[in-house]
Each structure stands twice: as C-alpha cells, then as structure tokens.
Amino acid sequence: MHTTALVLFSGGQDSTTCLAWALNKYQRVETLGFDYGQRHRVELDARRVVLARLRERFAGWSARLGEDHLLTLDALTQIGGSSLTEEVAFAMQADGLPNTFVPGRNLLFLTLAGALAYRRGLQVIVTGVCETDFSGYPDCRDDTTKAMQIALSLGLARRLLIETPLMWIDKAATWQLAHAEGERSGVPDGGDALVEVIVQDTHTCYLGDREHRHPWGHGCGACPACELRKKGWERYVERGPDASVRP
Ligand code: ZN
C-alpha cells in the first residue's frame, strides 16, 4: 500500500494539477523543484506562491503537504544549448525537436527525485510528463518513464513507483482534472478554487512573461507553451468542467 509521494513540482499548470491529484491520494506528499539556471526565475517564484495558496485555501491538503525541496543543477547550464537556459530565440532543431529541449533533463530530474525519495522514505514519484499535446520531448514518453522506474528500483534496491497522471490526457482534460481534484478536496467550490489558483499563480510561458493576463493565465500568449495552455483552456471552457476525464 502506497501512502507517501514526492511530486516533481515546477510551479506550472501540469505539476500543480499533479500535486492536487497526489494530495487527494496520498497521506504525506513532499515536493521537489530544480534550479537548473532557467532564464526566467518567475518559475521558481511561482512554486512558492502556489504552495502558499494551496495551504491557505485547502486545509485538508495543507495537513498532508510536507517539506518542499529545491535542488540546484548547474550542470545543465554548463552543457547549454537550450533556449530555456540561454538567450537564444525559440526555434526548431535539425532533428525535429524544439530548442526548448534540454537533453537529459527529465532523466536527471527523475534520478535525483529517486535519490531524494530514498532518503525521505517516500514510495511514489509523481511527474506531470505527457505524451499527448507534447512537444515531442523523448524524455516525456511513457516508455522512458517506465524504464526509469525500473532503473531506479534496481539501482536503489528499493521498489519505487513513478506515476504520471497526465500521460494520456490533453491540455483541456488537464484543466478538467484540476477541477475534479479541487472538488474532491472537500473544500466548498474547491474545483473552481483550484482552477483559479492555477490560472492566477502558476507559470508556463517560455518567455517568463507575467505582465499579460489572459483568461487562462499570465504569459506572452504566443510562445508554444502559451499556445498549448490557451488552446487547452478554450476547449475546456467549451466542454465544461464536468465532461468525462480519464486520469
Ligand atoms: Zn509565452
């Protein structure tokens, strides 16, 4: 029986939804973020704000929400070459991947999450990677995640489960899932409350734009991350929060 989890939490829409999902499912939940020299520090600020909001507005979750961990990963900046860590414009690479791809990033994240979970005695790692609506990042694939689960369980000699609640749902369904998890929290109007926190306080935009506020949140409105979030939001509003979701 799994009762404890470590959520990879970046302060974005996807990982906040995963955190809500984990808080409804597990007795004790800790969070992990990485400072890997992101060009835009707003992501790291968003993490703190979102955690504070969840604690304020969801008493049940607050009781389950344990320590937040932030690990530094300078090596990714040293390797460089990504528009997320360097001052280069967004572009597609010759191999068909966008240059927002940071090679090995999720592999490192999961490895360090495994090490931390081991130390903290946490049984499950939850990550918001997704094969639907994704940018083609090979380290977000279901097979990659499953391979990492096996590698970590063997390498740590302790069974670790990696859960990916968003793997097969699109961005509209991610909004619906957030609404459903908020409802499940037991807080009156918790669904709307969680969607409001995600709109207002999470950060997704690749350009780090917090000046422009749209119905779906802050962002430049034009980068691939904003485009995905916006399109998902529009489909979510069209369908309504209660359309069927398969987490
Ligand atoms: Zn943007």
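Residues numbered from 1 in each chain as written. Predicted model: local features only at pLDDT ≥ 70, side-chain atom pairs only at ≥ 80, totals over all residues. Heavy atoms only, no water.

A. Expanded view of the packing of helix H8 (residues 190-201) against helix H9 (residues 224-239). With their axes 13 Å apart at the nearest point, H8 and H9 run at an angle of 155 degrees to one another. Between H8 and H9, the interaxial angle falls into the category roughly antiparallel. Considering only the axes of H8 and H9, their crossing is left-handed. For the pair H8 and H9, contact is made by Val195, Ile198 and Val199 and by Arg229, Trp233 and Tyr236, respectively. The class makeup of the residues in the contact of H8 with H9 is five nonpolar, no polar and one charged. (Axes fitted to C-alpha atoms, helices over the stretch in contact; angles between N-to-C directions. Helix = DSSP H or I, 4+ residues; strand = E, 2+ residues; numbered from the N terminus. Parallel < 35°, antiparallel > 145°, perpendicular 65-115°, else oblique. Left-handed = near helix turned anticlockwise from the far one by under 90°. Contact = heavy atoms within 4.5 Å. Nonpolar A, V, L, I, M, F, W, Y, C, P; charged D, E, K, R; others polar.)

B. Examining the coordination of the zinc ion more closely. Surrounding the zinc ion are the protein donor atoms Cys205 (SG), Cys220 (SG), Cys223 (SG) and Cys226 (SG), which sit 2.3 to 2.4 Å from the metal. Ordering the donors of the zinc ion by residue number gives the pattern C-x14-C-x2-C-x2-C. Of the two residues, Cys205 sits in the loop between H8 and strand E6 (213-214) while Cys223 sits in the loop between strand E7 (217-218) and H9, which places them 18 residues apart along the sequence. Neither Cys205 nor Cys223 differs from the other in exposure class; each is buried. (Donors = N, O, S within 2.8 Å, 3.2 Å for Na, K, Ca; no water. Buried < 20%, exposed > 50% of the residue type's maximum accessible area, 1.4 Å probe, protein only.)

C. The arrangement of the side chain of Thr202 in detail. Position of Thr202 relative to the elements: it lies in the loop between H8 and E6. Those residues within four positions of Thr202 in sequence are excluded, and the remaining contacts are Gly11, Gly12, Gln13, Thr16, Val50, Val197, Arg210 and Arg229.

D. Main features of the pattern of salt bridges. If you walk through the whole model with that rule in mind, you get 17 salt bridges. Taking the shortest distance from any N to any O, the salt bridge between Asp201 and Arg53 comes out at 3.0 Å. Highlighted residues: Asp201 in helix H8 and Arg53 in helix H2 (residues 42-57), separated in sequence by 148 residues. For Asp201, a relative accessible area of 8% gives the class buried. (Salt bridge = Lys/Arg side-chain N within 4 Å of Asp/Glu carboxyl O.)

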